[in-house]
Amino acid sequence: MRKLLERPLLCAAMVQASAASYTPDSTVEAQRAETSIYQAILQTLGKQAPTQEDRSIVRLLVYGWWGVLVSCLSKKTSDARAEAELGVAARLLLAPYERSR
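Definitions and limits used
- Residues numbered from 1 in each chain as written.
- Predicted model: local features only at pLDDT ≥ 70, side-chain atom pairs only at ≥ 80, totals over all residues.
- Heavy atoms only, no water.
- Buried < 20%, exposed > 50% of the residue type's maximum accessible area, 1.4 Å probe, protein only.
- Helix = DSSP H or I, 4+ residues; strand = E, 2+ residues; numbered from the N terminus.
- Arc of directions from axis to C-beta.
- Axes fitted to C-alpha atoms, helices over the stretch in contact; angles between N-to-C directions.
- Parallel < 35°, antiparallel > 145°, perpendicular 65-115°, else oblique.
- Left-handed = near helix turned anticlockwise from the far one by under 90°.
- Contact = heavy atoms within 4.5 Å.
- Nonpolar A, V, L, I, M, F, W, Y, C, P; charged D, E, K, R; others polar.
- Core = buried A, V, L, I, M, F, W, Y, C linked by side-chain atoms within 4.5 Å.
- Phe/Tyr/Trp six-rings, centres within 6.5 Å; stacked < 30°, edge-to-face > 60°.

J.: I'm lost on helix H4 (residues 36–44) in this one. Help?
T.: Since there are 3.6 residues in each turn of an α-helix, residues three or four apart along the chain are aligned in direction. Turning to H4, its buried residues are Tyr38, Ile41 and Leu42. Looking straight down H4, one finds that the buried residues subtend no more than 100° of arc, so they occupy a single side. In this structure, H4 carries Ser36, Gln43 and Thr44 as exposed residues pointing more than 90 degrees from its buried face.

Here is the structure:
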């Protein structure tokens, strides 16, 4: 997120393009769930064969990140506060994975 916010105009354009291309089509949503960010998080969690719950948790984490990113771009949240809130979201959503280690 820090790298994206170093170029806020480019980041805002990317966010707008992504939002404009969003459709509630389940096929599109399924494809979106397989993007590299989702795969990177699942791999970091050690999930080679993720369950639906694993995918839902990762999706919620990405949705939270996306919302915080938009909030930062609109100057409603400071970078420091955004980082702190993302830390809380990650801790809460990923707690089950910490316990299973």
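Still more ground to cover, so stick around.
J.: Would you take a moment to explain the packing of H4 against helix H5 (residues 52–73) for this structure?
T.: Relative placement of two packed helices is described by the angle separating their axes and the distance separating the axes. Taken N-terminus to C-terminus, the directions of H4 and H5 make an angle of 120°; their axes are 10 Å apart at the nearest point. Accordingly, the angle class assigned to the pair H4 and H5 is oblique. By crossing handedness, the relation of H4 to H5 is classed as right-handed. Residue-level contacts link Ile37, Tyr38, Gln39, Ile41 and Leu42 of H4 to Asp54, Arg55, Val58, Arg59, Leu61, Val62 and Tyr63 of H5. Taken together, the residues that form the contact of H4 with H5 break down as 8 nonpolar, 1 polar and 3 charged.

J.: I keep staring at the nonpolar core and nothing clicks. Help me out?
T.: Side chains of a nonpolar character, in soluble globular proteins, are inclined to be buried together. If you look at the biggest cluster of nonpolar residues, it comprises 10 residues: Tyr38, Ile41, Leu42, Leu45, Ile57, Val58, Leu61, Val62, Leu94 and Tyr97. Of all the secondary-structure elements, those providing two or more residues to this core are H4, H5 and helix H6 (79–99). At 4 residues, the largest contribution of residues to this core is made by H5. Among the nonpolar cores identified, the runner-up in size contains 8 residues, and Val15, Cys72, Ala82 and Leu86 belong to it.

J.: Can you walk me through the packing of aromatic side chains in this structure?
T.: Geometrically, a pair of aromatic rings is defined through the distance of the ring centres and the angle of the planes. Taken as a whole, this structure holds 1 aromatic pair when the rule is applied. When the ring of Trp65 is compared with that of Trp66, the centres are 6.1 Å apart and the planes differ by 65°; the resulting orientation is edge-to-face. The class for Trp65 is partly exposed, based on a relative accessible area of 24%.

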